[in-house]
Amino acid sequence: MAPESASLLKAGLVLLMAAQVLPSASSCNRGFYERMINDLCLAKFKFDMGALDQGLWCSWPDTMEIYEGLTNCTFQVALRVDCFWPNQIVDLFFTQIHRIYFHDCALTGRLIHDPPTSILAPFIAVPVLVTLLMIALVVWRSKRTEGVL
């Protein structure tokens, strides 16, 4: 049992060392990748978001195509420069994007607005009508005093 445990331990150590060495030996130039996504992807994203009214930045239907373009751009650049995607650079990149452009947005990503009148009206009208009906019933019943005792 001890020789098997030792060989398992050695295999685990070799895998651990490989996991530490392989990322540094890959051909991904992290600095170059970061410059490329900033120069190419971020520049286009800034241009597209600048063309969009700032009040619509939190509207997912309006920003979805721009955001997907940014995501696809970071992916395509990663493929071209032989980097893994997603990676820590992309995570930090999108965190900065969200901090700058989407910091005031609701968690759901939708603009907060009132429901349509066709939905809102019944929720207002029914309680008002029931209240008026109950008031009328109380007044009508209080005028009829026979048989109360």
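Below is a short write-up of the structure. Keep in mind that this is a model prediction, so the values were computed, not measured. (Residues numbered from 1 in each chain as written. Predicted model: local features only at pLDDT ≥ 70, side-chain atom pairs only at ≥ 80, totals over all residues. Heavy atoms only, no water.)

1. Quick notes on the overall build of the protein
Using the following cut-off: Secondary structure elements follow DSSP: runs of H or I no shorter than four residues count as helices, runs of E no shorter than two count as strands, and numbering proceeds from the N terminus. Only protein chains enter the calculation, and the probe is 1.4 Å; a residue is then buried if its accessible area is under 20% of its type maximum, exposed if over 50%, and partly exposed in between. It only takes one pair of heavy atoms within 4.5 Å for two residues to be counted as in contact. Accessible surface is estimated by sampling points in the Shrake-Rupley manner with a 1.4 Å probe; for residues, cover comes only from the protein chains shown.
Broken down by element type, the protein carries five helices and zero strands. N-terminal to C-terminal, the α/β element order of the protein is α-α-α-α-α. Burial statistics for the protein: of 149 residues in total, 20% are counted as buried. Long-range contacts, defined as pairs at least 24 residues apart, comprise 71% of the intrachain contacts of the protein with a sequence gap of at least 6. Total accessible area on the protein stands at roughly 11700 Å², and carbon and sulfur atoms take up 67% of it.

2. Remarks on the state of the cysteines
The condition is simple: Whenever a pair of cysteine sulfur atoms sits within 2.5 Å, that pair is classed as a disulfide.
Tallying each qualifying case throughout the model produces three disulfides. A sulfur-sulfur separation of 2.0 Å characterises the disulfide bridge that pairs Cys41 with Cys73. Looking down the S-S bond of the Cys41 and Cys73 bridge, the torsion is -80°, so its handedness is left-handed. Taken together, the residues span a long stretch of sequence, with Cys41 in helix 2 (residues 30–51) and Cys73 in helix 3 (residues 60–80) at a distance of 32 residues. Like Cys73, Cys41 is buried. Between the sulfur of Cys58 and that of Cys105 lies a disulfide, 2.0 Å long from S to S. Judged by the sign of its S-S torsion, about -90°, the cystine formed by Cys58 and Cys105 is left-handed. One end of the pair, Cys58, is in the loop between helix 2 and helix 3; the other, Cys105, is in the loop between helix 4 (88–101) and helix 5 (117–143), with 47 residues separating them in the sequence. Exposure class is identical for Cys58 and Cys105. Each is buried.

3. Side note on the packing of aromatic side chains
How we decide: Stacked, tilted and edge-to-face pairs are distinguished by plane angle, under 30 degrees for stacked and over 60 for edge-to-face with tilted covering the rest, among Phe, Tyr and Trp rings (Trp via its six-membered ring) whose centres lie within 6.5 Å.
This structure, assessed with the given rule, holds eight aromatic pairs. Considering the side-chain rings of Trp60 and Tyr67, the 5.9 Å spacing of their centres and the 65° angle between planes classify their relative orientation as edge-to-face. For Trp60, a relative accessible area of 38% gives the class partly exposed. Residue Tyr67 is classed as buried on the basis of its relative accessible area, which comes to 17%.

4. Brief notes about the pattern of salt bridges
Rule in force here: Any carboxyl oxygen of Asp or Glu within 4 Å of a side-chain nitrogen of Lys or Arg constitutes a salt bridge here.
For the coordinates displayed, the defined rule picks out one salt bridge. Linking Asp48 and Lys44 is a salt bridge whose minimum nitrogen-to-oxygen distance equals 2.7 Å. Of this pair, Asp48 and Lys44 both sit in helix 2, four residues apart, roughly one helical turn.

5. Remarks on the packing of helix 2 against helix 3
We count it as follows: Axis definition: a line fitted to C-alpha atoms, limited for helices to the stretch in contact. Angles are taken between N-to-C directions and run from 0 to 180 degrees. Should an angle fall under 35 degrees it is taken as roughly parallel, and over 145 as roughly antiparallel, whereas 65 to 115 is taken as roughly perpendicular and any remaining angle as oblique. Take the far helix as your reference; a near helix turned counterclockwise from it by less than a right angle gives a left-handed crossing, and one turned clockwise gives a right-handed crossing. Polar here means any residue outside two lists: the nonpolar Ala, Val, Leu, Ile, Met, Phe, Trp, Tyr, Cys and Pro, and the charged Asp, Glu, Lys and Arg; Gly therefore counts as polar.
Between helix 2 and helix 3, the shortest axis-to-axis distance is 10 Å and the interhelical angle comes to 165°. When the axes of helix 2 and helix 3 are compared, the pair comes out roughly antiparallel. Considering how the two elements wind past one another, helix 2 and helix 3 form a crossing that is right-handed. Residues Tyr33, Met36, Ile37, Leu40, Cys41, Leu42, Phe45, Asp48 and Met49 of helix 2 form the contact with helix 3, whose own contacting residues are Thr63, Ile66, Tyr67, Leu70, Cys73, Thr74, Val77 and Ala78. Classifying every residue of the contact of helix 2 with helix 3 by side-chain character gives 14 nonpolar, two polar and one charged.

6. Digging into the nonpolar core
Under the convention used in this document: Note on terminology: a nonpolar core comprises buried Ala, Val, Leu, Ile, Met, Phe, Trp, Tyr and Cys residues joined through side-chain atoms within 4.5 Å.
If you look at the biggest cluster of nonpolar residues, it comprises 25 residues, and the most contacted ones within it are Tyr33, Phe45, Met49, Ile97 and Phe102. With residues up to four places along the chain from it excluded, the contact list for Tyr33 reads Thr74, Val77, Ala78, Val81, Cys83, Trp85, Asn87, Ile89 and Val90.

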